[in-house]
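Reading the structure
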Amino acid sequence: MNIFDSKALTWDDLPRRVELAKSVVKNIIPHLNGNEKILDFGCGTGLVGLNLAPFVKEVIGIDTSKEMVKKFNEKSKKLNLNAKAFCKDIFEVDEKFDIVVSSMTLHHIKDIEKLSKKLLNLTHKVFLADLVKEDGTFHTKGNEGVFHFGFDKKELNHYFKDWKQEYKIIHTIKKNKKFPIFLLMLYK
Ligand SMILES: C[S@@+](CC[C@H](N)C(=O)[O-])C[C@H]1O[C@@H](n2cnc3c(N)ncnc32)[C@H](O)[C@@H]1O
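These numbers come from a predicted model, not from an experiment.

Cut-off values and rules
Along each chain, residue indices are assigned from 1 in the same order as the chain's sequence is written. Local features in this predicted model are restricted to residues whose pLDDT is 70 or higher, and side-chain atom pairs enter the listing and the counts only when it is 80 or higher, whereas totals over whole chains, interfaces and linings include all residues. Excluding hydrogens and water, the side-chain figures rest on all heavy atoms present in the structure. Each helix is a run of H or I in the DSSP string that is no shorter than four residues. Each strand is a run of E no shorter than two, and both are numbered from the N terminus. It is over C-alpha atoms that the radius of gyration is taken, and the globule rule equals 2.2 Å times the number of residues to the power 0.38. Burial classes follow relative accessibility: with a 1.4 Å probe on protein chains only, a residue under 20% of its type's maximum area counts as buried, one over 50% as exposed, and anything between as partly exposed. Each residue is tested against the molecule or strand, and it is near if at least one of its non-hydrogen atoms lies within 4 Å. The term polar contact refers here to a pair of N or O atoms within 3.5 Å; inside protein, the definition further demands a hydrogen-donor-capable atom paired with an acceptor-capable atom, and it admits residues adjacent in sequence only when both atoms are side-chain atoms. Shrake-Rupley sampling with a 1.4 Å probe provides the accessible areas, and residues are treated as covered by the protein chains on show and by no other component. Within this scheme a cavity is a closed region of a 1 Å grid, computed over the protein atoms alone, that accommodates a 1.4 Å probe without allowing it to escape, whereas a pocket is open but has protein on both sides within 12 Å along at least five of seven lines; lining residues each have an atom within 4 Å of a point. More than half of a molecule's atoms lying within 2 Å of a cavity's or pocket's grid points is what places that molecule inside it. Residue classes follow a fixed rule: Ala, Val, Leu, Ile, Met, Phe, Trp, Tyr, Cys and Pro count as nonpolar, while Asp, Glu, Lys and Arg count as charged, and any other residue, Gly among them, counts as polar. The span one expects for a helix is its residue count, reduced by one, times 1.5 Å. Grid points are joined across faces, edges and corners, and a volume is the space filled by probe spheres set on the points.

When helices and strands are tallied, the protein shows five helices and seven strands. When the helices and strands of the protein are read in sequence order from the N terminus, they spell out α-β-α-β-α-β-β-α-β-α-β-β. Against the 2.2 N^0.38 benchmark of 16 Å for 188 residues, the protein shows a C-alpha radius of gyration of 15 Å, consistent with a compact globule. Counting only C-alpha atoms, the protein reaches 40 × 35 × 30 Å along its principal axes. Put simply, the protein has 188 residues, and 50% of those count as buried.

Surveying the vicinity of the ligand reveals 18 residues, the closest of which are Trp11, Gly42, Asp63, Ile90 and Ser103. In this structure, Trp11 approaches the ligand through a side-chain N or O atom, which is 2.8 Å from an oxygen atom. Contact distances for the ligand include 3.1 Å between a nitrogen atom and a backbone N or O atom of Ile90. Calculation on the ligand without its partners gives an accessible area of 600 Å², and the protein chains cover 93% of this total. Among the detected pockets, the ligand sits in the largest pocket. Partitioned by chemical class, the residues of the shell around the ligand number eight nonpolar, seven polar and three charged.

With that settled, the discussion passes to helix α3 (residues 66–79). Here α3 is 14 residues long and its end C-alpha atoms lie 20 Å apart, about the 20 Å a rise of 1.5 Å per residue gives. Every buried residue of α3 is accounted for by Met68, Val69, Lys71, Phe72, Asn73, Lys75 and Ser76. Directly after α3, the chain includes Asn80, whose backbone phi takes a positive value near 55 degrees.

Turning our eyes to something else, we now look at the layout of surface pockets. Its volume calculated, the largest pocket comes out at about 1,200 Å³. Going through the elements one at a time, α1 (15–28), β1 (37–41) and β2 (58–63) are the ones with two or more residues in the lining of the largest pocket. With four residues, α1 is the single largest residue contributor to the lining of the largest pocket.

Structure below.
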């Protein structure tokens, strides 16, 4: 069983998750023209993808957790949105998209250089939100499935060296301590 399957049902109950997704969406919206087909990878229950859907032509979500995908699709149907999710790994996608977005999934991807190259084949523009380098205490219930304790800017510069990059801090998650969140825009 995927570690996220058991979390899907109550994923949206945590206000700090909803707040973070709102910040991500708010920072992406000014870059949209309304005609885009967007891929949200590691879409989860759609906190980002479903909130972008009213501003674009279509949103496709993908996630390796089938329960997350189920929740995304239930919410999308209920809200009558132009968004559909599929149970898939980002490395299995081969369709082209106008924009690829992803929030809080990068630290669950082992090989970021491979991801960077994969994204080059899928799109011209990417928005990635994730944790700034942390000390391993963000995931209080253990670090299973976590390959990176956040990222520093230099490290991102290196991983995504084939892209032009814009980096900004857009949010801070307040838990036992403060965890800043970056938004990295990549374009060709
Ligand atoms: C921390 S959650 C974030 C969910 C959502 N983006 C949000 O902000 O609420 C990370 C999600 O990434 C998914 N995931 C992890 N590795 C993945 C991969 N290689 N391809 C697609 N999804 C992946 C997990 O199943 C999980 O639902």
